[in-house]
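# A structural walkthrough
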Amino acid sequence: MNLPQEYTDKMKKLLGSEYEDYIRSFNEERLYGLRANTLKITPDELKEAVDWKLEPVPWCREGFYYDGENVRPAKHPFYNCGLFYIQEPSAMSTGALLPVKPGDRVIDLCAAPGGKSTQAAAKLKGEGIIVSNDISASRCMALLKNIEVSGVPNAVITNEEPARLAERFEGFFNRVIVDAPCSGEGMFRKDEAAVRSWETHKTEFCCGLQREILKAAAKLLCNDGIIAYSTCTFAPEEDEGMIQEFLNENPDFELMDFDKSGGFIDGRPDWVENGSEELKKCGRLMPYKVKGEGHFFCLLHKKGEEVKIEPPRDKTASPKLLNDYFEFMKNNMNIEINENLVLHKESLFTVPYCLDLRGLRVKRSGLYLGDCKKNRFEPSQAFAMTLKKEDAKVSIDFDLEDENLERYLRGESFAVDCRDGWALVCCKGYPLGWGKVQKGRLKNKYLPSWMS
């Protein structure tokens, strides 16, 4: 690989005697990873469910390495079921090491394509809220799909400048994720396009973005809250240097220790001007020391006592407008969802918190349940992905070898032995989507945009 001379000179100076080890890592095989979605399956259950070899990622309990040269997990039906998320192993560290518990209020400021957001959402277990934001409208489409495939019921997806969100929700969140846009030096080994991008978007440009995002993150955070800051670059200016600058300007923040036993080395205060010893609480995954492309990570704690925030709730839409929805639930489901129902035109949502989203670019607010059409309710694909097989009164469950499974994922209709009405279509007990049975034939309701 032809690395820019400016870059190699810099890395030689930083790494010293370890520079040759770093360069040799470029000749090693690329590493592939996936993470069990614990909203649907445990890591042990996933290992039993697939016939590929999975090796654990040391810094992420739900993470595994797989043989990417011979295995294509994205082609497996369990990918369509949302049982796992494909993610570079080092990148799993941010979501794994940020402490999140059910009921927390989390915002991911640079969320697309959704790895960190789905990781945090799994820890929330459907309680609290996760706001997943990305400034790119096109990337938000991938983010929306990954949130919905993963079965996240309590997400709000926005397409905004972090500063605008900070103006609206100052002090509301107790967890903020900043997986910052960076010069991408940790991507060089697997993506030569990242090298070309580095020559265009150099460190100085990225530092400006990071500075503004961290400023917004600090404003969004409540007392006793935590910011998780991470990058996939080795540049000290974007890592320890950015954190030192932040701490200098925000004396109400401090760095927190975290578990580095998975392979992290301490942050390097000696790599930046006037770096304090506290920077050693940061951590780095280096590609010549661990099985991963590399990552920088730290936790920033805001001092003070958290003020309890009661979740603002929306009033449930008028029951008269929802007769068809309640009739659908009575006839087809073994569960009830009766609270915090919000109707936007004909689309019905259940919202975790009634946030004031007026004037913001919002891609999704809460769980999209379906559409209240004239004299009927049609459930959504997103709703199906949050369910368990037993939640539906009627289900159709395919084995992996069933030819109708492939037909369903292609959007085809076919004969089934099932009573008329709505059916939750599953693979090995895990929901894939809906079908409507009429006279022994399944009308396919799988979302067309999800078909491969």
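Coordinates for the structure precede this section.
Residues numbered from 1 in each chain as written. Predicted model: local features only at pLDDT ≥ 70, side-chain atom pairs only at ≥ 80, totals over all residues. Heavy atoms only, no water.

Another aspect to go through is the packing of aromatic side chains. According to the stated counting rule, one finds 26 aromatic pairs in the structure shown. Ring geometry for Y22 against Y288: centres 6.3 Å apart, planes inclined by 70°, an arrangement best described as edge-to-face. Of this pair, Y22 sits in helix α2 (residues 19–24) while Y288 sits in the loop between β12 (283–285) and β13 (295–302), and the two are 266 residues apart along the sequence. When sorted by exposure, Y22 lands in the same class as Y288, which is buried. (Phe/Tyr/Trp six-rings, centres within 6.5 Å; stacked < 30°, edge-to-face > 60°. Helix = DSSP H or I, 4+ residues; strand = E, 2+ residues; numbered from the N terminus. Buried < 20%, exposed > 50% of the residue type's maximum accessible area, 1.4 Å probe, protein only.)

A word on the state of the cysteines. Each disulfide consists of a covalent bond between the sulfur atoms of two cysteine residues. For the structure on display, the rule yields zero disulfides. The thiol sulfur of C232 is not disulfide-bonded, and the nearest other cysteine sulfur, from C182, lies at 3.5 Å. (Disulfide = S-S within 2.5 Å.)

Burial in helix α12 (residues 323–332) covers these residues: Y325, F328, M329 and N332. Axial view of α12: buried residues confined to an arc of 95°, hence all on one face. (Arc of directions from axis to C-beta.)

Mapped onto the elements, K291 comes out in the loop between β12 and β13. Taking relative accessible area as the criterion, K291 reaches 40% and is therefore assigned partly exposed. Sequence spacing of K291 and R30 is 261 residues, and the spatial spacing of their C-alpha atoms is 9.3 Å. Discounting residues that sit within four places of it in the chain, K291 has contacts with L31, E55, W59, Y65 and P89. At 3.3 Å, the side chain of K291 forms a polar contact with the side chain of E55. (Contact = heavy atoms within 4.5 Å. Polar contact = N/O pair within 3.5 Å; in protein donor to acceptor, adjacent residues only side chain to side chain.)

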